[in-house]
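An overview of the molecular structure
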Number of protein chains: 2
Amino acid sequence: MTRNLKLTIEYDGTHYHGWQRQKADATVQEAIETALFTMTRKPVTLIGSGRTDAGVHARGQIANFRTDSRIDPRSFQKGLNSLLNDDIAIQDCSEGPPDFHARYDAIAKTYQYRILNRTIPTAIDRHFSWHIRCPLDVTAMQTAMKHIIGRHDFKSFEGGGSNKPNTVREVKATTICEGNNGIVVLEIKADGFLRYMVRNITGTLVDVGTGKLSPDAIPGILEGRDRALASPTAPPQGLFLMSVEY
Amino acid sequence: MTRNLKLTIEYDGTHYHGWQRQKADATVQEAIETALFTMTRKPVTLIGSGRTDAGVHARGQIANFRTDSRIDPRSFQKGLNSLLNDDIAIQDCSEGPPDFHARYDAIAKTYQYRILNRTIPTAIDRHFSWHIRCPLDVTAMQTAMKHIIGRHDFKSFEGGGSNKPNTVREVKATTICEGNNGIVVLEIKADGFLRYMVRNITGTLVDVGTGKLSPDAIPGILEGRDRALASPTAPPQGLFLMSVEY
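Residues numbered from 1 in each chain as written. Chains lettered and ligands numbered in written order. Predicted model: local features only at pLDDT ≥ 70, side-chain atom pairs only at ≥ 80, totals over all residues. Heavy atoms only, no water.

The next point concerns the pattern of salt bridges. Residues and elements named next belong to chain B. Counted by the stated rule, this structure contains 26 salt bridges over all chains. Arg199 is the salt-bridge partner of Asp53, the closest N and O atoms lying 3.7 Å from each other. Of this pair, Asp53 sits in the loop between strand 2 (47–48) and strand 3 (57–67) while Arg199 sits in helix 4 (residues 197–209); the two residues are 146 residues apart in sequence, bridging distant segments of the chain. Look at Asp53 and you get partly exposed, because its relative accessible area is 23%. Look at Arg199 and you get buried, because its relative accessible area is 9%. (Salt bridge = Lys/Arg side-chain N within 4 Å of Asp/Glu carboxyl O. Helix = DSSP H or I, 4+ residues; strand = E, 2+ residues; numbered from the N terminus. Buried < 20%, exposed > 50% of the residue type's maximum accessible area, 1.4 Å probe, protein only.)

For the rest of this paragraph, the subject is the relation of the copies chain B and chain A. Each copy superposes on the other: chain B lies on chain A with an RMSD of 0.0 Å after a rotation of 180° and an axial shift of 0.0 Å. On this basis, the relationship between the two copies can be described by a two-fold rotation axis. Taking C-alpha positions as reference, the residue of chain B nearest the rotation axis is Asp125 of chain B, located at 5.5 Å. Mapped onto chain A, 100% of the interface residues of chain B are again interface residues, and the two copies thus contact each other with one and the same surface. (Least-squares fit on C-alpha atoms with pLDDT ≥ 70 in both. Contact = heavy atoms within 4.5 Å.)

Moving on, we come to unusual backbone geometry. Within the chain, Arg225 of chain A stands out as a residue other than glycine whose phi angle is a positive 50°. By the element assignment, Arg225 of chain A lies in the loop between helix 5 (218–224) and strand 10 (239–245). Here Tyr196 of chain B, not a glycine, exhibits a phi torsion of approximately 65°, which is positive. Looking at the secondary structure, you find Tyr196 of chain B in the loop between strand 9 (183–190) and helix 4.

Moving on, we come to the packing of aromatic side chains. Residue and element names in this part refer to chain A. Considering all chains together, one arrives at 14 aromatic pairs over all chains under this definition. Ring centres of Tyr113 and Trp130 lie 6.2 Å apart, and the angle between their planes is 80°; on these two criteria the pair is classed as edge-to-face. Taken as a pair, Tyr113 in strand 5 (residues 108–117) and Trp130 in strand 6 (residues 130–132) lie far apart in primary sequence, 17 residues in all. Both residues of the pair, Tyr113 and Trp130, count as buried. One residue, Lys6, lies across the ring of Phe100, its end atom 5.6 Å from the ring centre. Note that Arg195 overlies the ring of Tyr196, its terminal NZ or CZ placed 4.8 Å from the centroid. (Phe/Tyr/Trp six-rings, centres within 6.5 Å; stacked < 30°, edge-to-face > 60°. Lys NZ or Arg CZ within 6 Å of the ring centre and 35° of its normal.)

Looking now at the pairing of strand 9 (residues 183–190) of chain A. Residues and elements named next belong to chain A. With six of eight residues buried, strand 9 lies mostly within the body of the structure. Bridge count for strand 5 against strand 9 is eight bridges, and the pairing is antiparallel. By the bridge assignment, Arg114 is partnered in strand 9 with Val185. Where strand 8 (residues 168–178) lies against strand 9, seven bridges are found, and the strand directions are antiparallel. Looking across to strand 9, one finds that Ala173 is bridged to Lys189. Here strand 8 hands over to strand 9 after four residues, with Asn181 in that stretch at a positive phi of 55°. (Pairing = 2+ DSSP bridges.)

All names here are of chain B. Relative to each other, helix 3 (residues 138–146) and helix 4 sit at 135°, their axes nearing to 8 Å. Put simply, helix 3 runs oblique to helix 4. Between helix 3 and helix 4 the crossing geometry is right-handed. Note on element contacts: helix 4 touches helix 3 through Leu205, Val206, Val208 and Gly209, opposite Ala140, Met141, Ala144 and Met145. (Axes fitted to C-alpha atoms, helices over the stretch in contact; angles between N-to-C directions. Parallel < 35°, antiparallel > 145°, perpendicular 65-115°, else oblique. Left-handed = near helix turned anticlockwise from the far one by under 90°.)

So, on to the interface of chain B and chain A. A common way to report how large an interface is uses the accessible area buried once the components associate. Each partner contributes residues to the interface: chain B has 24 residues there, and chain A has 24 residues. Across the chain B to chain A interface the summed buried area is about 1,800 Å²; carbon plus sulfur atoms make up 52%. In this structure, Arg126 of chain A and Asp12 of chain B form a salt bridge, with 3.0 Å as the shortest nitrogen-oxygen distance. For the pair chain B and chain A, the number of links is 18 residue pairs in polar contact (both at pLDDT 80 or more). Elements with a contribution of two residues or more to the side of chain B that touches chain A: strand 1 (3–11), strand 3, helix 2 (73–83) and strand 4 (88–95) of chain B. (Buried area = accessible area lost by both parts, 1.4 Å probe. Polar contact = N/O pair within 3.5 Å; in protein donor to acceptor, adjacent residues only side chain to side chain.)

Interpretation in functional terms is not warranted from these geometric data alone.
See the structure below:
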């Protein structure tokens, strides 16, 4: 009997070329598929909720795979965690409904972006934050962030090379929090994301925070539907896929 | 004229065999001394506030060195940061008084120990916390922690191989905080620390947290002056030297 298993996956993306299997480079999908092949002795296709780019991390990526194996979910989790490098940790494995599809069935995802805003350099947080020396006006960033909530055409925040026919997405919730030692954490929940969307929004909000852009420039950037209107892409290492809702 | 310069250093200790220079292995002291040699063209001895063990991190290690070089402090900081691997970051460089000595003049140090207390495995925090699956009673740990405040003989918490004549230290302040997602953070400030002292205290507090030891066992462990009375040493990757007071 073919079963459909669902994985919840945390990964430190520092040393991976993103989620999606590639010809030559190490990816998270490939690492897990290889471990599943070792366990089941059959080729397995892992369907992720979506790609994450090179250097991006996940605390709650979701994926599913079909298998004839009789290995129980708990043994899959244990076996995978012992086979995988310790920069990938299977948080959970459970039996899914036969038709569950990690990508098609996702109704919302939440991403977090971590900024380290201080003049002094950093060693410990270097793989998990974007270090910005220039002081950020977080209140202005909060004002700007409010303009992206709701249903908008996010074409201006879509990375080059992607050509999705529909660039309208609904941002359901956003937060920006300031923590100790200069940590600024952005969170965005949406029904879907375009390529580089969170990193392009973050780059633009940082330009608001440094005073380069007015918080009220955001509606015009959205309406313009032109990538050139928004700011440069924030680097990957500050970004975390936090959770996926079904 | 010989100057005396003071450095504030952050490091990710994951790939170092601790602070102190060794014959064969990579250490933080050696890395910085090598970079100082490159900058000044003369051998430089760097005096740290104290050793940190292999795999232990620092957010605020302090060190000083004497030099005849005329390079100004800001250029030393910039030069070192460009020469060093990005797992060491010089936070500050300043001119010190001629007789400043990073080890002898230290009057207090603060260490932090990070525990990740949750059943699910971790990838992202693996180099910066001790992962404990068994649920911890943090209130019991707080009660136990109170017993170590003050002036005590910490012989029972001293690592083997060390034979300091005086094992009396004064713990000036302690905190234990629970954060999100199972993070438990211990902080201990003392006028000095014995080898493995924070890690042995942490290991013992964790045994209190899991119910193996009563919080009221601590005074007896202190009075016994016997390492065998305390619990196993906590692993290095959860430990951070936070700051040194002068």
